[in-house]
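# A look at the structure
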Amino acid sequence: MNLFFTGGLGLLLLIGLPVAFTLSLLAVAGMYFFNGGTFAFMQIPIISYKSLDDFSLTALPMYVLMSQVLVVSGVGRDLYEMASRWFRHFPGGLAIATLFCCTVFSAISGSSVATAVTVGAVALPEMVRRGYNKRHVLGLLAAGGTLGILIPPSIPMIIYGSVTGESVGKLFIAGIIPGAIMTIAFMVFSAYQTRHIKDKPATWSERMEASRKAIWGLLLPLIIIGGIYSGIFTPTEAAAVGVVLSFLIAIFVYKNVNMTTLREILISTVKTNAMILFIIIGAMLLGYILTILQIPQGIVNFATSQDISPWIIFIMINIVLLILGMFLETVSILVITLPILYPIIMALGFDPIWFAIIMVINMELALISPPVGLNLFVLKGLNKENTISEIVKGVIPYAVIMLVFMVILSFFPEIATVLLHKDIK
Amino acid sequence: NNEKTDDKAVADSGDGYEATTIRLAYNLPQDHHISIGIEDFAKKVTEKSDGKVKVQVFPAGQLLSDKDMNQSILTGGVEMGVNSSTLWASTVPAMGIFDVPYVFNDYAAVGEAVNGEFGDKLRGAMEEKGAKVLMFADYGYVQFANNKRQLKSPADFKGLKIRSIGDLPSELIQAYGASPVFMGGGEVYMALQRDTVDGATSGTTAMLQRKYDEVTKYLTINNYAYLEFLLAVNKDYWDGLPAKTQDLLTEVAAETEAWIREQAEKEDSESAKALEEKGMDVYVVPEDELDVWKDAAAPVRDVFVKNAGDLGQELLDMVDKK
Amino acid sequence: MKKVYNFLDLLIRWGAYIAGILILITTVMTFYEVVSRSFFHKPTSWATELSIYAIIGSCFLGSAYAVRTYSHITVDLLINNVNDRIKTLLAYLTNSLGLVFSIIFTLYSYLHVIKTFNLHVTSASLLRIPMYIPESLLVIGGVLLCIAFILQIIDGGIHKGGEHL
Ligand code: NA
Ligand code: NA
């Protein structure tokens, strides 16, 4: 039976059936063969509906929509110009400026693509023009983009919360310090790597002018995070506030949203949204049939009954996640593995919020690991001349930084959880 | 491989029980007193039937959440499941009776009612839709917790934003002059902490477990509703069971039901005490003031009768007589 | 015949437009809830619930369009490394498998909606929405999915892979 599901999964994915339908069809086949034939099919609509019947999931399409609006408007360009004028005279100054933009963008959008696309589109040509090694720049952008899902808000964290029932708010807060540490580590490394390049400093009036223009891009994350912290809105509702603000900025400041661009924005949001939500449905259907056949319980029992250290199991889990991360994208990995991993983590006595952060860093690695790495494709898509192998070579040092940080975080879970224990009220 | 062992068991069902596997799902945390009772029920049934009637338990929302539980029971996706009367009320409106404010004043009264004519009416209404009620598992009374002020009378609710679930509790919050707020369960703790909402309503056991004491100041014990969970069986599946198995299940369920009821009373008082020890300001509404609270809640009764029709009115009359 | 094809294709595109509008409406409702609750102390009783229905709608009404535009993530390890003949074969195969799922999904969603209708199930909220209404979105989405896979099969041609997101 285990062979049926793992073999079926591999086969259907390989012949090119989309992930969502692979999961769904496998679940249907499992129901038919192992759970009473067509009688079990009555569960299909019940589970499908239930999968999406969750208010925190409504944040997902709204964050997708917001990042589309931001990509279309000129927010990214102005932010970069500002950062460049403030940082360019430092050794590796533009690398720092780029990461600064990645961070700001990450703090608005829940998505790595939005971050990599928006910042990449302005930073890549500019940095190469100023003499930065293209491989270094590509690696920096691919890695910087992944911050989008670690620094809150984060779509994978919303999904983690939705699948496991953990508070999305807590997950967001737990991502703050790891996100900051990772950003600083990336900045230090990239500045060191490109230390021989320095520009002449911008004048103060140039800096102020650029800052004035970029004010909207800077205000947006402040309003979103400030609003969540002060309790004016929940993390779920923050998405709606973000969409409204980014529309207002695009319409009144940048004046580049009209009916035609609006239609394009909506259509591409719909495609991404339907794709992600249908994967969730597929994974829930598969999760249902696997659970009723007691397969995850078997794995959990096996894992917890073995006389091996919880840390060994933890390391094995991470190895599996890294391997999956090479071939699948983040949403699929999360929804496929969480129903199995979450009970194991709980049974072993680990902190589920801390584990979420470990998992998100794993997902960051998945975004930049070949052959299927979203950020690699995004940067490849920016310019025909970029090659995947060039990007991969550039990103390797950052992957090492992520792995090292994951080890540190395993030894010091407080890095993620310390903010939760403080009464920030 | 389940089927194989089942076939074999049928062949040598020595002591008269026909072999069957009953899948039972529930959605409460595993250490909740209802969960402990249900797990014990499953174990006893299996033991007493010499392993012939296997009850395979899917705990803590592992298989089904409260949202898809009822439909899965009605379509036979699982044979048995535990879900709240509040959620059953969306299919069987009369089940809303447990959410009607102040219908039950003490634990013993509930036991008497659900095991008498009152319970029969509800069982009948459930069977019409396709579910057989095997057990009324008591969750206990629900209360209000908030951050603004102690609620010494219904008038103190005015202007508060209270997180609510279900329709009748929301009607009550409105009747008292507060506004119900709807949000996902995972967000409530933070919403209370950051004043997104002023308060929430829940049993004290759940408040303790979700650490409400860390984020809310005032606890008001007014016992406004008595939350009931139902262990329900798919009707067709039940009808297909041999009488002997039905008797066994009924008998063990009755034992468990009594045990859970005792626990509910104990847990309610212990958890309220624990919340007070952890620093919450606890106010117990004196019995002679309850009439004021009850009168202010009158609109909720009307809504219930409007939803549940004649059966609803009959049930109300029955509990009022007591 | 061509007319029918175009009409069905248009139907799927309209599904996507409605899905997009539903996402916009969700944004407006949620934003209204924030403003109304935080600044006027008047939380709504409908924003949360209707948002959930809208998002469910956005998924099911938009999914067919995602099939037509190759937006569903696909692992194209194999597809990228075989010749066009095999690619064409794989396209027929995967679209047929997709169609099989969609037919089962649509049929059982329909049966489920009928059952919900007969049982008079409502939402457990102040709105008491008859649940067969939001559940019907599954049937409509299912029909659109069936159409999308049929059109894909009619189109034939080589497997174009899909999104990687
Ligand atoms: Na982010
Ligand atoms: Na990857």
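Bear in mind the structure is a predicted one, so any value in this text is a computation, not a measurement.

### Here we look at a negative patch on the surface
Residues and elements named next belong to chain B. The grouping of Asp106, Glu112, Glu262, Glu265, Glu287, Asp288, Glu289, Asp291 and Asp295 at the surface amounts to a negative patch. Of all elements in the fold, only α11 (243–277) and α12 (290–296) reach the threshold of two or more residues within the negative patch. Residue position: glutamate 287 is located in the loop between β9 (281–284) and α12. The exposed category is assigned to glutamate 287, whose relative accessible area is 71%.

### Regarding the UniProt feature "transmembrane region" (unreviewed entry) in chain C
Under the feature "transmembrane region" (unreviewed entry), the UniProt entry names residues 12–32, 52–68, 89–111 and 131–151 of chain C. A helix fraction of 100% and a strand fraction of 0% characterise residues 89–111 of chain C, whose end C-alpha atoms lie 33 Å from each other.

### Some points on unusual backbone geometry
Residue and element names in this part refer to chain A. With an omega of -5 degrees, the peptide bond running from proline 152 to proline 153 counts as cis. Relative to the elements of secondary structure, proline 153 occurs in the loop between α8 (134–150) and α9 (155–164). For glutamine 294, which is not a glycine, the phi torsion comes out positive at approximately 65 degrees. The topology assignment puts glutamine 294 in the loop between α13 (259–292) and α14 (295–305). Classification of glutamine 294 by relative accessible area gives partly exposed; the value is 27%.

### Considering the nonpolar core
Ranked by size, the top nonpolar core spans 298 residues in total, and within it Phe41, Met95, Ile97, Phe104 and Phe118 of chain B carry the most contacts. Tallying contributions element by element places α13 of chain A first for this core, with 19 residues. Apart from the residues lying within four places of it in its own chain, the contact partners of phenylalanine 118 of chain B are Ile97, Phe98, Phe104, Ala113, Leu315, Met318 and Val319 of chain B. Grouped together as the second largest cluster of nonpolar side chains are 17 residues, Ile221, Ala272, Met280 and Val282 of chain B included.

### Topic: the interface of chain C and chain A
Across the contact, 60 residues belong to chain C and 61 residues belong to chain A. Of the roughly 5,400 Å² buried between chain C and chain A, counting both surfaces, carbon and sulfur atoms make up 83%. Where chain C packs against chain A, one counts 1 salt bridge. Residue glutamate 237 of chain A is joined to arginine 37 of chain C by a salt bridge in which the shortest nitrogen-to-oxygen separation is 2.8 Å. The interface formed by chain C and chain A holds 4 residue pairs in polar contact (both at pLDDT 80 or more) in total. Mapped by element, the contributors of at least two residues to the side of chain C that touches chain A are α1 (2–40), α2 (47–68), α3 (84–119) and α4 (132–155) of chain C. No other element matches the 15 residues that α1 of chain C contributes to the side of chain C that touches chain A. Considered class by class, the residues forming the side of chain C that touches chain A number 37 nonpolar, 20 polar and 3 charged.

### What about the side chain of threonine 183 of chain A?
Residue and element names in this part refer to chain A. Relative to the assigned elements, threonine 183 resides in helix α10 (residues 168–193). Assessed through its relative accessible area of 5%, threonine 183 is described here as buried. Other than its neighbours up to four places away in sequence, threonine 183 contacts Thr103, Leu147 and Ile151.

### Some words on the packing of aromatic side chains
Summed over all chains, the structure comprises 41 aromatic pairs over all chains. Seen from their ring centres, phenylalanine 189 of chain A and tyrosine 398 of chain A are 5.2 Å apart, and the 85 degrees between their planes marks the pair as edge-to-face. Of this pair, phenylalanine 189 of chain A sits in helix α10 while tyrosine 398 of chain A sits in helix α19 (residues 388–411), and the two are 209 residues apart along the sequence. You can call phenylalanine 189 of chain A partly exposed: its relative accessible area is 24%. Taken together, the aromatic side chains of Phe4, Phe5, Tyr32, Phe33, Phe34 and Phe41 of chain A together with Tyr108 of chain C make up a single cluster linked through ring pairs. Positioned above the aromatic ring of tyrosine 189 of chain B, the side-chain terminus of lysine 170 of chain A is 5.0 Å from the ring centre. The side chain of arginine 195 of chain A reaches across the aromatic face of tyrosine 192 of chain A, ending 4.2 Å from its centre.

### Considerations on the pattern of salt bridges
All names here are of chain A. Evaluation of the coordinates by the stated rule reveals 26 salt bridges over all chains. For glutamate 126, the salt bridge goes to arginine 130, with nearest N and O atoms at 2.9 Å. Accessibility expressed as a relative area gives 18% for glutamate 126, which makes it buried. Residue arginine 130 is joined to aspartate 199 by a salt bridge in which the shortest nitrogen-to-oxygen separation is 2.8 Å. Note that arginine 130 is positioned in the loop between α7 (112–129) and α8 and aspartate 199 in the loop between α10 and α11 (204–230), a separation of 69 residues in sequence. Looking at arginine 130, the relative accessible area reads 24%, which means it is partly exposed.

### Notes on the packing of helix α6 (residues 93–108) of chain A against α10 of chain A
Residues and elements named next belong to chain A. Where α6 meets α10, the closest approach of the two axes is 9 Å, and the angle between their N-to-C directions is 160 degrees. Between α6 and α10, the crossing angle belongs to the class labelled roughly antiparallel. For α6 against α10, the interelement crossing comes out right-handed. In contact with Ala95, Ile96, Leu99, Phe100 and Thr103 of α6, α10 contributes Thr183, Phe186, Met187, Ser190 and Ala191. A class-by-class count of the residues in the contact of α6 with α10 yields 7 nonpolar, 3 polar and no charged.

### What about the layout of surface pockets?
Residue and element names in this part refer to chain A. Looking at the second largest pocket, its volume works out to about 960 Å³. Taken together, 37 residues form the lining of the second largest pocket, with Thr6, Ile299, Val320, Ile336 and Ile340 sitting closest to its centre. Mapped onto the lining of the second largest pocket, the elements with two or more residues apiece are α1 (2–14), α2 (19–34), α13, α14, α15 (310–327) and α16 (330–348). The residue inventory of the lining of the second largest pocket, partitioned by class, reads 30 nonpolar, 7 polar and no charged.

### Remarks on the pairing of strand β2 (residues 53–58) of chain B
β2 of chain B sits mainly inside the fold: 5 of its 6 residues count as buried. Remark: the strand β1 (residues 20–25) of chain B/helix α2 (residues 33–48) of chain B/β2 of chain B crossover connection has right-handed handedness.

### With respect to a nonpolar patch on the surface
Residues and elements named next belong to chain A. A cluster of nonpolar residues, Ile215, Trp216, Leu219, Leu222, Ile223, Leu248, Ile251, Phe252 and Val253, forms a patch on the protein surface that exposes about 790 Å² of accessible area. With 5 residues, α11 is the single largest residue contributor to the nonpolar patch. Looking at the secondary structure, you find leucine 222 in helix α11. Given the relative accessible area of 60%, leucine 222 is considered exposed.

### Section: the confidence of the model for chain B
When pLDDT is averaged across chain B, the result is 91; 95% of the residues are at 70 or more. Note on residues 1–14 of chain B: pLDDT under 50 across the span, and 10 contacts to partners over four residues away in sequence or across chains.

Reading the values: rules and limits
Residues numbered from 1 in each chain as written. Chains lettered and ligands numbered in written order. Predicted model: local features only at pLDDT ≥ 70, side-chain atom pairs only at ≥ 80, totals over all residues. Heavy atoms only, no water. Patch = residues over 30% accessible without salt bridge, like charges linked within 9 Å, V, L, I, M, F, W, Y side chains within 5 Å. Areas by Shrake-Rupley, 256 points an atom, 1.4 Å probe, with all protein chains shown as cover. Salt bridge = Lys/Arg side-chain N within 4 Å of Asp/Glu carboxyl O. Lys, Arg positive; Asp, Glu negative; His and termini not counted. Charge placed at Lys NZ, Arg CZ, Asp CG, Glu CD. Helix = DSSP H or I, 4+ residues; strand = E, 2+ residues; numbered from the N terminus. Buried < 20%, exposed > 50% of the residue type's maximum accessible area, 1.4 Å probe, protein only. UniProt positions renumbered as here; feature names shortened; annotations may be inferred. Core = buried A, V, L, I, M, F, W, Y, C linked by side-chain atoms within 4.5 Å. Contact = heavy atoms within 4.5 Å. Buried area = accessible area lost by both parts, 1.4 Å probe. Polar contact = N/O pair within 3.5 Å; in protein donor to acceptor, adjacent residues only side chain to side chain. Nonpolar A, V, L, I, M, F, W, Y, C, P; charged D, E, K, R; others polar. Phe/Tyr/Trp six-rings, centres within 6.5 Å; stacked < 30°, edge-to-face > 60°. Lys NZ or Arg CZ within 6 Å of the ring centre and 35° of its normal. Axes fitted to C-alpha atoms, helices over the stretch in contact; angles between N-to-C directions. Parallel < 35°, antiparallel > 145°, perpendicular 65-115°, else oblique. Left-handed = near helix turned anticlockwise from the far one by under 90°. 1 Å grid on protein atoms, 1.4 Å probe; cavity = no way out; pocket = protein on both sides within 12 Å on 5 of 7 lines; lining within 4 Å. Points joined across faces, edges and corners; volume = space filled by probe spheres on them. Right-handed = clockwise from strand over helix to strand, strands pointing away. pLDDT = per-residue confidence, 0-100.

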